[in-house]
Amino acid sequence: MKIEQLIKESDCKSVTGARDREVTSLTMDSRQVTAGSLFAAIEGTSCDGHRFISQAVEAGASAILCQHLPQEISDTVTYIVVENSEKELGHIASAFYGDPSLKLALVGITGTNGKTTTATLLYELFERLGYKAGLISTVVYKIDREEMPSTHTTPDSIRLNSMLARMVEQGCAYCFMEASSHSLVQHRTSGLTFAGAVFSN
């Protein structure tokens, strides 16, 4: 997908480089960059992804999402400067995977206690009613009846949109996901369209 299409919903401060370059994958890990990747430089609590921009460029990245330009600019890379890389990555990931949250009813479950139980009960209810559904919880991720190990209560925006896209491909009409307060602060759900929300206690 071309950069111009990816950033259509993003609030960019500046774009340095060609907007018609192709992006073949998204990653926040410079070690996973391959030719054509968009590397998102995230300012984490223990590590700043901006330190690895040069490594991503050397590995063949076609685009860099960052909060400030690096000192060295490559002619073969497009630099997308934004206010908050985590937040805008959600919009980019959603565009990259075809806006999957618009193609099913996505319900977020938030609150202090009971998120896993509530999400799981809703998933089981809708499956037993004959609907194909997805589940994203602390315990397990499910695409209809296919199970995958859970890595986070709410996965990062890239994996989240990837799973939602697979749910759409497999005919899921609903997805019930936990939305932890931690994930909301980290903008992991940025760019998603929710059909509804459930507050557990």
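Because the structure is predicted, anything quoted here is derived from the model rather than measured. (Residues numbered from 1 in each chain as written. Predicted model: local features only at pLDDT ≥ 70, side-chain atom pairs only at ≥ 80, totals over all residues. Heavy atoms only, no water.)

A. The packing of helix α3 (residues 85–96) against helix α5 (residues 157–169), seen in detail. As a packed pair, α3 and α5 sit with axes 9 Å apart at the nearest point and diverge in direction by 25°. Classed by the angle they form, the pair α3 and α5 counts as roughly parallel. Crossing of α3 over α5 shows right-handed handedness. Facing Leu 89, Gly 90, Ala 93 and Ser 94 of α3, the residues of α5 in contact are Ser 157, Ile 158 and Asn 161. Split into classes, the residues belonging to the contact of α3 with α5 amount to three nonpolar, four polar and no charged. (Axes fitted to C-alpha atoms, helices over the stretch in contact; angles between N-to-C directions. Helix = DSSP H or I, 4+ residues; strand = E, 2+ residues; numbered from the N terminus. Parallel < 35°, antiparallel > 145°, perpendicular 65-115°, else oblique. Left-handed = near helix turned anticlockwise from the far one by under 90°. Contact = heavy atoms within 4.5 Å. Nonpolar A, V, L, I, M, F, W, Y, C, P; charged D, E, K, R; others polar.)

B. Molecular detail of the sheet that holds strand β4 (residues 63–66). Reading across the sheet, the five strands line up as β1-β5-β4-β3-β2 and stay open at both edges, with mixed pairing between neighbours. One side of each edge strand has no neighbouring strand; the edge strands of this open sheet are β1 (12–16) and β2 (25–27). Pairwise comparison of adjacent strand axes, ignoring direction, gives a mean angle of 15° for this sheet. Strand direction decides the pairing type here: β2 and strand β3 (residues 37–40), joined by three bridges, are parallel. Paired with Ser 25 across the strands is Ser 37, a residue of β3. (Pairing = 2+ DSSP bridges.)

By themselves, these figures tell us nothing about what the structure is for.
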